[in-house]
2 protein chains.
Amino acid sequence: MASIKDIARRSGTSPATVSRVINGSGYVSEASRARVQEAIAELGFLPNAGARRLRSGESRMVGVLLPALDVPFFAILAHVIEQALFQAGYQALICCTDESAAAEERYISTLLSQGVDGVIAASVLADGDQYGRLAGVPVVALDRDLPGLAAVKVGADHHAGGRLMAGHLLDQGHSRIAVIGAPAHSAPIQARLAGALERLAEAGHSPVAVALGPVHDFDACRALAEDVLETSPTALIGTTDIAAIGAIHAAIGRGLRVPADLAVIGFDDLPAAAYVLPALTTISQPLREIAAAATAQLIGLMTGAPLPPPAPFALRLVRRETT
Amino acid sequence: MASIKDIARRSGTSPATVSRVINGSGYVSEASRARVQEAIAELGFLPNAGARRLRSGESRMVGVLLPALDVPFFAILAHVIEQALFQAGYQALICCTDESAAAEERYISTLLSQGVDGVIAASVLADGDQYGRLAGVPVVALDRDLPGLAAVKVGADHHAGGRLMAGHLLDQGHSRIAVIGAPAHSAPIQARLAGALERLAEAGHSPVAVALGPVHDFDACRALAEDVLETSPTALIGTTDIAAIGAIHAAIGRGLRVPADLAVIGFDDLPAAAYVLPALTTISQPLREIAAAATAQLIGLMTGAPLPPPAPFALRLVRRETT
DNA sequence: TTGTAGGCGTTATCAC
DNA sequence: GTGATAACGCCTACAA
């Protein structure tokens, strides 16, 4: 790899001048600039990011901590964040913590080692010790609070979303309502559950069953729903679309008709929600908008120009065919 | 951030000794080692990755180039690759090229600047100039060949997969067969199409319609299918599950019954394929296995212990309810 | 307007 | 066993 010394030699200038050209800083004559740029092009020079970071203290990298990428919800967030960061001149270091606190701690060490300029995190950690290590690094909490850290948080109001789900089923005249979902330890899931229970309680009801499992995929949620259906609810709240779709399959497998025998509502409005049959009624949250806002917040923090907190994100009931 | 000098001072040793402790290299007395480790723990020392890279030339980072993360197929690959790399002590630099050659070129510059130790790439590039810049860096091609680069390639045989799709529909007695899919410029998609056409031709048939669009999501594929259904096929090949599911919705929207009026087969066997109704018949490819194999190949290349090329990946017809 | 020199944190070499 | 020391590539005073 060519270095600025090579460029200096080839262009008959000095490393300092080359640096000035690269960074557009200080005075450089047009003649020098042209010769330097020519040499850069000829040698295919690219600055050494490690050396830059060593010298300047800035890495132009951002850590993005997510529980997983093989869950569409997080994959969409990661996609938007990565694109927005790159466009702003930052490289995303995407880390899949795999719902493991130990893994998350190891990732935080790595990010510190890399000297990231900022972090966006959807954490699974229960306490704040780990994020305390990031003191001095701008951090944005995504989708859920960061324990014990007064970081900017960007995400939907999951409690309100839970109320919305319950409210819709109540409006439809249901009273035997069950809740299923996963992963149980997830704060947003817990918040949706709490919101739903609160709304149910206001109507004088309590759920006929609540089942939160550890694994968040179609198969696991379907299995979860099997048990819940024994309690013969007339309506079911899935804390995510994945959970709701799993439950629909459990119901249909038992010969129930959806929504005639069992109404189902989900949460997230993932692309698949509109493309299952019957199409899923769900609460949509503006995922891409949330990801973009989180990135913008972080960039504001990193550049010393913090943004006002984003306006609350609109949750919307999307009525389709399962209620 | 504490440096090895701080650790040296605090432990009454020298930077050299600290380095030896950190890297487990050279001779260090037990007493020194203990004092150094204590100091490291007390100060929460983490080595500066930039300085290491500058000194050693190794970054312990790997570039992962993918068209997108908001497409489940790539998100699953990214997930498995990221996890496997991290476990092996490498950080993944995941780059979403967004199906754009210009973006891919920019990402390659960034990766070079970062001095990545290796690259795994599912490229959208049509020519090999860009990857030529990576000369000297171990590269593994994922899911599709890298133009003009004799890199290791890890992926399924899409042509054979295309034949499998057509063969299954032929077996079911269909002869009015159409093909829809996206994105049109994607090499694997083209290979599946070619395989399907070849198999059809062997049976003396040609497709009643072929429609490949630029955008690969449910909505776009559904729109694509609308036109194709005008040609009243009795069976339809989706070049991916997304395309197939979009097409099913177009068909049902027109009052057709699936599979009675229209049989549909997809490709990939994404989680959603089993959870649409009717459940999708599709060709499954072992996505996670492919991702793991690609990572293993790259690690072999990076550590100077190349692995024999992986055994061909098994494509499997998964018969469900749409044929 | 340009060049020289020093140092960021680390590791490998060499001398003790 | 251990500690100086040099060098990796870059940027920025400072000098010219």
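Residues numbered from 1 in each chain as written. Chains lettered and ligands numbered in written order. Predicted model: local features only at pLDDT ≥ 70, side-chain atom pairs only at ≥ 80, totals over all residues. Heavy atoms only, no water.

Of the regular secondary structure elements, chain A holds 12 helices and 11 strands. In terms of C-alpha radius of gyration, chain A reaches 25 Å, well past the compact-globule figure of 20 Å for 323 residues. For chain A, the spread of C-alpha atoms along the principal axes amounts to about 85 × 40 × 35 Å. The buried share of chain A, taken over its 323 residues, is 54%. Across chain A, contacts joining residues at least 24 apart in sequence account for 68% of those joining residues at least 6 apart. As displayed, chain A has an accessible area near 12,800 Å², and 53% of this comes from carbon and sulfur atoms. Averaged over its 25 positive side-chain charges, chain A has a centre that lies 8 Å from the centre of its 31 negative ones. (Helix = DSSP H or I, 4+ residues; strand = E, 2+ residues; numbered from the N terminus. Rg over C-alpha atoms; globule rule 2.2 N^0.38 Å. Buried < 20%, exposed > 50% of the residue type's maximum accessible area, 1.4 Å probe, protein only. Contact = heavy atoms within 4.5 Å. Areas by Shrake-Rupley, 256 points an atom, 1.4 Å probe, with all protein chains shown as cover. Lys, Arg positive; Asp, Glu negative; His and termini not counted. Charge placed at Lys NZ, Arg CZ, Asp CG, Glu CD.)

Let us look at the UniProt feature "transmembrane region" (unreviewed entry) in chain A. In the UniProt entry, the feature "transmembrane region" (unreviewed entry) is given for residues 62-81 of chain A. Strand forms 25% of residues 62-81 of chain A and helix 50%; the C-alpha atoms that close the span are 10 Å apart. (UniProt positions renumbered as here; feature names shortened; annotations may be inferred.)

Let us now look at the interface of chain A and chain B. Each partner contributes to the interface: chain A provides 50 residues, whereas chain B provides 49 residues. Between chain A and chain B, a total of about 4,400 Å² is buried, with carbon and sulfur atoms accounting for 62% of that surface. In this assembly, chain A and chain B are joined by two salt bridges. As a salt-bridge pair, A:R288 and B:D70 come within 3.0 Å of each other at their nearest N and O atoms. In this structure, the connection of chain A to chain B is made through 20 residue pairs in polar contact (both at pLDDT 80 or more). Residues of the side of chain A that touches chain B, tallied by class, amount to 29 nonpolar, 12 polar and nine charged. (Buried area = accessible area lost by both parts, 1.4 Å probe. Salt bridge = Lys/Arg side-chain N within 4 Å of Asp/Glu carboxyl O. Polar contact = N/O pair within 3.5 Å; in protein donor to acceptor, adjacent residues only side chain to side chain. Nonpolar A, V, L, I, M, F, W, Y, C, P; charged D, E, K, R; others polar.)

Residues and elements named next belong to chain A. Given a rise of 1.5 Å per residue, 14 residues ought to cover 20 Å, and the 20 Å separating the end C-alpha atoms of helix 3 (residues 30-43) matches this to within 8%. Residues of helix 3 that are buried: S32, V36, A39 and I40. The arc that holds the buried residues of helix 3, viewed along the axis, is 100 degrees, so those residues lie on one side. For helix 3, exposure combined with an orientation more than 90 degrees from the buried face picks out E30 and A41. The elements touched by buried residues of helix 3 are helix 1 (4-11) and helix 2 (15-23). Where helix 3 terminates, the next one or two residues include G44, which has phi positive at roughly 60 degrees. (Expected span 1.5 Å × (residues − 1). Arc of directions from axis to C-beta.)

This part is about the pattern of salt bridges. What the rule picks out here adds up to 24 salt bridges over all chains. For the salt bridge of B:E42 with B:R10, the shortest nitrogen-to-oxygen distance reads 2.6 Å. Separated by 32 residues along the polypeptide, B:E42 in helix 3 (residues 30-43) and B:R10 in helix 1 (residues 4-11) bring together distant segments of the chain. A salt bridge links B:D143 to B:R144, with the nearest nitrogen and oxygen atoms 3.6 Å apart. Across the pair, exposure class does not vary: B:D143 and B:R144 are buried alike. Among the charged side chains, a salt-bridge network with shared partners connects A:R163, A:E198 and A:E202.

This next bit is on the protein's contact with DNA strand D. Among the 23 residues in the neighbourhood of DNA strand D, the closest are listed as A:I4, A:R52, A:R55, B:S29 and B:S32. At 2.7 Å, a side-chain N or O of B:R20 approaches a base nitrogen of DNA strand D. Between a base nitrogen of DNA strand D and a side-chain N or O atom of B:R55, the distance comes to 3.3 Å. Elements supplying a minimum of two residues to the surface near DNA strand D: helix 2 and helix 4 (49-56) of chain A together with helix 2 (15-23) and helix 4 (49-56) of chain B. (Near = heavy atom within 4 Å.)

Residues and elements named next belong to chain B. Running from N to C, helix 2 and helix 3 point in directions that differ by 85 degrees, and their axes come no closer than 10 Å. The orientation of helix 2 with respect to helix 3, classified from their angle, is roughly perpendicular. Mapping the contact onto sequence places T17, V18, V21 and I22 in helix 2 and S32, R33, V36, Q37 and I40 in helix 3. Residues that form the contact of helix 2 with helix 3 fall into these classes: five nonpolar, three polar and one charged. (Axes fitted to C-alpha atoms, helices over the stretch in contact; angles between N-to-C directions. Parallel < 35°, antiparallel > 145°, perpendicular 65-115°, else oblique.)

This next bit is on the pairing of strand 6 (residues 177-181) of chain B. Residues and elements named next belong to chain B. Summarising burial for strand 6: five of the five residues are buried, a large majority. The side-chain alternation of strand 6 yields two buried faces, one formed by I177, V179 and G181 and the other by A178 and I180. As defined by bridge partners, strand 6 adjoins strand 8 (residues 235-238) across four bridges and the pair is classed as parallel. Paired with I177 across the two strands is A235, which belongs to strand 8. For strand 6 and strand 7 (residues 209-212), the ladder comprises four bridges, and the chain directions are parallel. (Pairing = 2+ DSSP bridges.)

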